[in-house]
Amino acid sequence: MLKDTYEKCRNLSTKYKGYIGTSDLLREGLTNRQIAEFVSNGMLEKVYHGVYWFSCAEYKKPSEYKAIEIGKSNSKAVVCADSACFYQGLIDVEPPVVSVATSRNDRSKLAMNFPISRHYYSDSNFKEQQQVVHTEFGDYIIYGVERSVCDCIRFKDDIDESIFCLILENYKKQEQTRDRLLQYARKLRMVNQLGRYL
């Protein structure tokens with residue numbers, strides 16, 4: 001492949017802030033064959049069907065790239081439970097599997113390059129405590145800390161035990177927020193479950 005084609009890919013990495021879709025690559029004059037070759041040569045990383053990351057860029061993926069890529073794959077998906085606790089700063093150990101919430105009616109695929117645990121929520125509870133996080137590489141949705149701690153208790157069997165214990169230990173140190181947690185647990189009808197752990 002010609003040197004100027006590689007240079008074009010690097011220039012696009014500046015213009016598109018890390019992520020780019022197939023339609024934009026084609027609009028910029030690249031062919032499907034060139035896209036496949038860029039992936040093969042490691043200049044582009046296929047994030048999921050139709051979206052790529054510029055591996056040739058002079059910057060690295062952001063620390064929250066998994067959350068951003070989930071947001072790009074499904075704009076309504078929400079980072080939840082232990083993963084939300086990590087991104088919210090409650091724990092400093094990243095869970096090995098990303099916990100993701102979607103509406104019970106959402107059947108879109110979430111085929112990521114990293115393991116995820118998908119949880120389906122009823123419409124009545126799905127939007128509670130959602131927060132949108134804006135980054136230069138894209139936006140994602142995450143649940144607040146109280147919601148996330150409650151979800152960790154609900155999904156305890158799906159969470160690494162050491163991470164689960166760390167979440168509870170760190171949350172117990174935040175005495176001023178215990179009332180908010182209790183209020184939220186009442187909404188989810190899980191006050192008794194909460195009492196067993198906190």
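Residues numbered from 1 in each chain as written. Predicted model: local features only at pLDDT ≥ 70, side-chain atom pairs only at ≥ 80, totals over all residues. Heavy atoms only, no water.

Peer 1: Explain the overall build of the protein to me, please; I cannot follow it from the model alone.
Peer 2: Counting its secondary structure elements, the protein contains 10 helices and eight strands. Its C-alpha atoms give the protein principal-axis dimensions of about 65 × 35 × 25 Å. Of all 198 residues assigned to the protein, the portion counted as buried reaches 47%. Of the contacts formed within the protein by residues at least 6 apart in sequence, a portion of 56% connects residues at least 24 apart. On the protein, roughly 10,700 Å² of surface is accessible, and the fraction owed to carbon and sulfur atoms is 46%. One way to put it: in the protein the 29 positive side-chain charges average out to a point 5 Å from where the 26 negative ones average out. (Helix = DSSP H or I, 4+ residues; strand = E, 2+ residues; numbered from the N terminus. Buried < 20%, exposed > 50% of the residue type's maximum accessible area, 1.4 Å probe, protein only. Contact = heavy atoms within 4.5 Å. Areas by Shrake-Rupley, 256 points an atom, 1.4 Å probe, with all protein chains shown as cover. Lys, Arg positive; Asp, Glu negative; His and termini not counted. Charge placed at Lys NZ, Arg CZ, Asp CG, Glu CD.)

Peer 1: Whenever I open this one, the environment of leucine 26 confuses me. Can you help?
Peer 2: Assignment of secondary structure puts leucine 26 in helix 2 (residues 22-27). Separated by 40 residues in sequence, leucine 26 and lysine 66 have C-alpha atoms that sit 25 Å apart.

Peer 1: Help me understand the pattern of salt bridges in this model?
Peer 2: With the rule as written, the count across this model stands at eight salt bridges. The salt bridge partner of lysine 66 is glutamate 94, with a shortest N-O separation of 3.5 Å. With a gap of 28 residues between them, lysine 66 in helix 4 (residues 65-73) and glutamate 94 in the loop between helix 5 (81-87) and strand 5 (98-103) connect regions that are remote in the sequence. Lysine 66 sits in the buried class, given a relative accessible area of 13%. Its relative accessible area of 35% is what places glutamate 94 among the partly exposed residues. Between aspartate 151 and arginine 154 there is a salt bridge whose closest N-O contact spans 3.1 Å. Separated by three residues within a single helix, aspartate 151 and arginine 154 lie in helix 7 (residues 145-154), roughly one turn from each other. With relative accessibility at 0%, the residue aspartate 151 sits in the buried group. Arginine 154 gets classed as partly exposed once you look at its relative accessible area, which sits at 36%. A cluster of three or more residues bridged by salt bridges with shared partners is formed by Glu45, Lys61 and Glu69. (Salt bridge = Lys/Arg side-chain N within 4 Å of Asp/Glu carboxyl O.)

Peer 1: Looking at this model, I keep getting lost on the side chain of threonine 102. Mind explaining?
Peer 2: Tracing the chain through its elements places threonine 102 in strand 5. A distance of 3.0 Å separates the side chain of threonine 102 from the side chain of arginine 118, its partner in a polar contact. Setting aside residues up to four positions removed in sequence, threonine 102 forms contacts with Asn74, Ala77, Leu110, Arg118, His119, Tyr120, Tyr121 and Phe126. (Polar contact = N/O pair within 3.5 Å; in protein donor to acceptor, adjacent residues only side chain to side chain.)

Peer 1: Sorry, what's going on with helix 8 (residues 161-172) here?
Peer 2: The periodicity of an α-helix, 3.6 residues per turn, causes residues three or four places apart in sequence to face the same way. Spanning 12 residues, helix 8 covers 17 Å between terminal C-alpha atoms, matching the ideal 16 Å at 1.5 Å per step. Taken together, the buried residues of helix 8 touch helix 5, helix 7, helix 9 (178-188) and helix 10 (191-197). (Expected span 1.5 Å × (residues − 1).)

This is a description of form; function is not addressed.
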